[in-house]
Amino acid sequence: MSQTLGIVYFLFPLVVASMVPLALVALGALFSERSGVINIALEGIMVMGGFVGVMSIRYIEMATTLPPQLIAFLGLLIGAFAGFVFSFFHAYASINMKSNQIISATALNLFAPAIAVFVARTIFLSRRVVISGNYLIREVPILSDIPIIGRLFFTRAYLSTYLGVVIFAVLTIVLYKTRLGLRIRSCGENPHAADSLGVNIYKIRYIGVLISGALAGMGGVIFVLSFATRFDGTVVGFGFLALAVLIFGQWHPLKILYAAFFFAAMRVVASTYSGIPVLQDIRLPAEVYRMLPYVATLVVLAFVSKKSQAPRAAGEPYDVGKR
Amino acid sequence: MKFPWGGKRARGNGDGGGRIVQGALQKVAHRPASISAFSSILAIVSGLLVGFVIMLIVNPGDAVPGFLTILFGWLSEGSRSVGDMLYFGVPIVLTGLSVAFAFRTGLFNIGATGQLTMGAFTAVYIGVNWGFLGAFHWIVAVLGGMIAGAVWGSIAGLLKAFRNVHEVVSSIMLNYIAMYMNTMLIVQLIYNRQYARARSPLPSAHIPTWFLRDIFPGSSVNIGIFIAIGLTILLHIILNRTVFGYELKSVGFNRDAAKYAGMNAKRNIVLSMTISGALAGIAGAIMFLVAGRHLEPVNQLMQEGFTGIAIALLGLSAPIGVFMAGIFYGALEQGGYYLQLYDFMPEIIDIIIAVIIYFSAFSLFIQTYVAGYLRRKLGAEVELQQGTEIK
């Protein structure tokens, strides 16, 4: 029993660390798709946010002696801002230019790693952007003394976890309990009806895409701070995994949380299964666990797509003349 | 006034030089194909311009020679660099054809990278193990890659046809499944522990070079270029000269109308994705059935599949256009190879390609609005001229 508890104590913070960026980026994708714009550029936006955020952290580290958590907070904000700006290109292409949203997103996905590696190699002569990496919170004072919960949630944690919980809660409320949220959702379901009631479709869709950009940009920084002490010009498919989370979660915030937990758990199992007694005996290659979220998403798609919960107008440029 | 922007009336008056320019513009405004070609060229120019500006910012002194190297580097070592340009171009032509073929059926094959990965693994597996095939070894290996790619593509097609799953979404999942499967299978089946990569295919599995070695001495070009040319012609014939191609395009234009006309839309969707996957699979086989290039268990998507999207767009999804765009990409890639002489990182090529894709996404806008603008403008001018004539 105590051994099992030990494993849980060991694994839980790792799962949470993976789950936070997944859930946040998937929530961003939710905003974009609910407003009617498919955003498969999340991967690229994460790379861009991660790159700019980590570069900033590196320079703040060198120039100042701010407390590490403040530096992390600044890095997250800068990353979010970078994602916000970068996603503007996708918004402009898909909303104003009525482009194919997959094509413009593909362009962003190719552009971000190219420019990140190009700039890093030009400045540092290496694709790596190295930071001190000292952003783990070992334990939160007082709160970590609460039995079980204290150890699970308030030791070996990251600032981004608490920030992520707040952002997730606030944005979920915005989407379902405010006028703006209602407008966003209406633009993805029936933009013509929304337009006839005086909603500015273009503006709302911009808001949706830019929120997704900010969340993905922040997610990129979270990814680097939680898993590495350097940025390599990639977020190893996290952006696409977040898209799978969105689909697996059937475009619903609470289900997105479950999906993110499941996907994060699979990731953790893939890298630590040799330390988990039950899985040690099965001896499956790590790739099986890494593949599982994608396979599960395909299966879900195959079985529910006929009554899919996806926003009806997602992916279609808004055309006033088309009814 | 029947044709307010028609050629004859406009030519009847006005001065000589303006008349010719106006006539040319009218032709452009009239023919959608030239408008789309115009938008392709605009996208390429924009991409190159952005690349040039970035080079100016990074290193103003070397920006001009560096930029010229990107454009004309493929000429710098004569037949050797021309051969390498073709070598770099071939896989991209094939992935471009793969994406373009699906486009014509109204399908967006973003999964070329996964199909290419499966094709590459299968080809290398056969190349490593089936030495008993002798002279047929490389042919079987390429065919194996083709079949693996076809199977992988057909999954997305089946899901689309029978379960209404959007092919973009399923292809993204299939890309990552292929990536992890590739890593797993390399380590399980054809691993070279010493170098932490897949074993080398036997020489009998290498794509032959035939007489190309004599024409382009020192370059890596092989008969993959003939395979690419052959497939380009084949696809051109299928799409433009056969009932099957006509059906595919009809399904692409309007699935319901095609169904109403008695075509089997589901079958055509599955077939289109299968053929598209087969092309990407061949690309994977040709990329890795060469000396000195190895599959690695690194869990990275192969970018060639995504570059294929750019090439398909630039080539206007027409096989011959795709071929030219693919070779153009080979030239850029070859230029990027020489670029390091000037202290520029070769990633500038990827930046240029990304910008080109971004602007080619605008093609629809450019086509409708530029054409509309030209027509409006020319039409107004013609009316104006007619007005003065009456006076």
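1. Quick look at the overall build of chain A
Then comes step 1: Broken down by element type, chain A carries 13 helices and four strands.
Then comes step 2: Projected onto its principal axes, the C-alpha positions of chain A cover 65 × 50 × 40 Å.
Then comes step 3: With 323 residues in all, chain A has 55% of them scored as buried.
Then comes step 4: In chain A, once contacts between residues fewer than 6 apart in sequence are set aside, the share between residues at least 24 apart is 77%.
Then comes step 5: Approximately 13800 Å² of chain A is accessible, and the part contributed by carbon and sulfur atoms is 67%.
Then comes step 6: For chain A, the separation between the mean place of its 25 positive charges and that of its 12 negative charges on side chains is 4 Å.

2. Looking at the overall build of chain B
Then comes step 1: Across its full length, chain B carries 17 helices and two strands.
Then comes step 2: Looking at chain B residue by residue over its 391 residues, the buried ones come to 54%.
Then comes step 3: For chain B, the proportion of contacts with a sequence separation of at least 24, taken over those separated by at least 6, is 76%.
Then comes step 4: Summed over all atoms, the accessible surface of chain B reaches about 17200 Å², with 65% contributed by carbon and sulfur.

3. Focus on the interface of chain B and chain A
Then comes step 1: Between chain B and chain A, the residue contacts involve 41 residues of the former and 44 residues of the latter.
Then comes step 2: Together, the buried faces of chain B and chain A total about 3900 Å²; carbon and sulfur atoms form 80% of this surface.
Then comes step 3: Sorting the residues of chain B by area buried against chain A places M173, Y180 and Y358 of chain B first, and these three jointly supply 16% of that buried surface.
Then comes step 4: The tally of links between chain B and chain A comes to one salt bridge.
Then comes step 5: When the shortest N-O distance is used, the salt bridge between R121 of chain A and E347 of chain B registers 3.0 Å.
Then comes step 6: Along the contact surface separating chain B from chain A lie four residue pairs in polar contact (both at pLDDT 80 or more).
Then comes step 7: Broken down by secondary-structure element, the contributors of at least two residues to the side of chain B that touches chain A are α3 (32–58), α7 (137–163), α8 (167–189), α14 (304–314), α16 (347–360) and α17 (363–390) of chain B.
Then comes step 8: With 13 residues, the top contributor of residues to the side of chain B that touches chain A is α8 of chain B.
Then comes step 9: Partitioned by chemical class, the residues of the side of chain B that touches chain A number 32 nonpolar, six polar and three charged.

4. Regarding the confidence of the model for chain B
All names here are of chain B.
Then comes step 1: Within chain B, residue pLDDT values average 86, and 88% of them lie at 70 or more.
Then comes step 2: Mean pLDDT values for the elements of chain B range from 37 in helix α1 (residues 7–12) up to 97 in helix α6 (residues 112–129).
Then comes step 3: In the predicted structure, residues 1–30 sits below a pLDDT of 50 and forms 38 contacts with residues beyond four places in sequence or in another chain.
Then comes step 4: Counting contacts from residues 386–391, a segment whose pLDDT is below 50, to residues more than four positions away or on other chains yields three contacts.

5. As for the environment of Q69 of chain A
Residue and element names in this part refer to chain A.
Then comes step 1: Relative to the elements of secondary structure, Q69 occurs in helix α3 (residues 68–96).
Then comes step 2: On the basis of relative accessibility, which here comes to 25%, the residue Q69 falls in the partly exposed class.
Then comes step 3: In sequence terms Q69 and G208 are 139 residues apart; their C-alpha atoms lie 29 Å from each other.
Then comes step 4: Residues in contact with Q69, not counting those within four places in the same chain, are Y135, L136, I137 and L159.

6. Points about the nonpolar core
Then comes step 1: Among the nonpolar cores identified, the biggest contains 220 residues, and I40 of chain A together with L94, I110, I172, L295, I348 and I351 of chain B are the most heavily contacted of them.
Then comes step 2: No other element matches helix α1 (residues 2–34) of chain A, which puts 17 residues into this core.
Then comes step 3: If we skip the residues at most four places from it in the chain, I348 of chain B touches F118 of chain A together with G51, I54, M55, I70 and L339 of chain B.
Then comes step 4: In terms of nonpolar packing, the next biggest core, distinct from the first, is built from six residues, V37, Y206, V209 and L210 of chain A among them.

7. Details of the environment of V37 of chain A
Residues and elements named next belong to chain A.
Then comes step 1: On the secondary structure map, V37 appears in the loop between α1 and α2 (42–63).
Then comes step 2: Overall, the relative accessible area of 0% leaves V37 in the buried class.
Then comes step 3: With 274 residues separating them along the chain, V37 and P311 place their C-alpha atoms 9.5 Å apart.

8. Topic: the packing of aromatic side chains
Between two aromatic rings, the relevant description is the distance of the centres plus the angle of the planes.
Then comes step 1: Tallied over the entire structure, the rule returns 30 aromatic pairs over all chains.
Then comes step 2: On the basis of an interplanar angle of 15 degrees and a centroid distance of 6.4 Å, the ring pair of F81 of chain A and F84 of chain A is categorised as stacked. Here F81 of chain A pairs with F84 of chain A, and both are found in helix α3, just three residues apart, close to one helical turn.
Then comes step 3: Ring centres of F211 of chain B and F226 of chain B lie 5.9 Å apart, and the angle between their planes is 40 degrees; this geometry places the pair in the tilted category. Taken together, the residues span a long stretch of sequence, with F211 of chain B in the loop between β2 (197–198) and α9 (212–215) and F226 of chain B in helix α10 (residues 224–241) at a distance of 15 residues.
Then comes step 4: Given the relative accessible area of 33%, F226 of chain B is considered partly exposed.
Then comes step 5: The structure contains a cluster of three or more aromatic residues connected by ring pairs, namely F86, F88, F89, Y92, F111 and Y206 of chain A together with Y358, F359 and F362 of chain B.
Then comes step 6: Geometry around F227 of chain A places R267 of chain A over its ring, the cationic atom sitting 5.2 Å from the centre.
Then comes step 7: Geometry around F288 of chain B places R293 of chain B over its ring, the cationic atom sitting 5.0 Å from the centre.

9. Concerning the packing of helix α6 (residues 159–177) of chain A against helix α9 (residues 201–227) of chain A
All names here are of chain A.
Then comes step 1: At a closest axis distance of 11 Å, the pairing of α6 and α9 adopts a crossing angle of 160 degrees. Relative to α9, α6 is oriented roughly antiparallel. Handedness of the α6/α9 crossing: left-handed. Contacts between α6 and α9 involve S160, L163, I167 and L171 on the former and, on the latter, I211, L215, M218, I222 and S226.
Then comes step 2: Its residues placed into classes, the contact of α6 with α9 shows seven nonpolar, two polar and no charged.

10. Points about the packing of α7 of chain B against α8 of chain B
Residues and elements named next belong to chain B.
Then comes step 1: Two numbers describe how α7 lies on α8: the axes approach to 10 Å, and their chain directions differ by 150 degrees. Compared by their axis directions, α7 and α8 come out roughly antiparallel. As α7 runs across α8, the sense of the crossing is right-handed. On α8, the residues touching W152, I155, A156, L159 and K160 of α7 are E167, S170, S171, L174, I177, A178 and M181.

11. What to know about the pattern of salt bridges
Then comes step 1: A complete count under the given rule lists nine salt bridges over all chains for this structure.
Then comes step 2: Salt-bridge contacts for R128 of chain A lead to D232 of chain A; the nearest nitrogen and oxygen are separated by 3.3 Å. Remark: D232 of chain A occurs in the loop between β4 (230–231) and α10 (238–248) and R128 of chain A occurs in the loop between α4 (101–124) and β1 (129–130); sequence separation between them is 104 residues.
Then comes step 3: Judged by relative accessible area, which is 40%, R128 of chain A ranks as partly exposed.
Then comes step 4: Classification of D232 of chain A by relative accessible area gives partly exposed; the value is 23%.
Then comes step 5: Measuring nitrogen to oxygen at the nearest pair gives 3.6 Å for the salt bridge that ties R80 of chain B to E77 of chain B.
Then comes step 6: Residue classification places E77 of chain B among the partly exposed residues on the basis of a relative accessible area of 37%.

How each quantity is defined
- Residues numbered from 1 in each chain as written.
- Chains lettered and ligands numbered in written order.
- Predicted model: local features only at pLDDT ≥ 70, side-chain atom pairs only at ≥ 80, totals over all residues.
- Heavy atoms only, no water.
- Helix = DSSP H or I, 4+ residues; strand = E, 2+ residues; numbered from the N terminus.
- Buried < 20%, exposed > 50% of the residue type's maximum accessible area, 1.4 Å probe, protein only.
- Contact = heavy atoms within 4.5 Å.
- Areas by Shrake-Rupley, 256 points an atom, 1.4 Å probe, with all protein chains shown as cover.
- Lys, Arg positive; Asp, Glu negative; His and termini not counted.
- Charge placed at Lys NZ, Arg CZ, Asp CG, Glu CD.
- Buried area = accessible area lost by both parts, 1.4 Å probe.
- Salt bridge = Lys/Arg side-chain N within 4 Å of Asp/Glu carboxyl O.
- Polar contact = N/O pair within 3.5 Å; in protein donor to acceptor, adjacent residues only side chain to side chain.
- Nonpolar A, V, L, I, M, F, W, Y, C, P; charged D, E, K, R; others polar.
- pLDDT = per-residue confidence, 0-100.
- Core = buried A, V, L, I, M, F, W, Y, C linked by side-chain atoms within 4.5 Å.
- Phe/Tyr/Trp six-rings, centres within 6.5 Å; stacked < 30°, edge-to-face > 60°.
- Lys NZ or Arg CZ within 6 Å of the ring centre and 35° of its normal.
- Axes fitted to C-alpha atoms, helices over the stretch in contact; angles between N-to-C directions.
- Parallel < 35°, antiparallel > 145°, perpendicular 65-115°, else oblique.
- Left-handed = near helix turned anticlockwise from the far one by under 90°.

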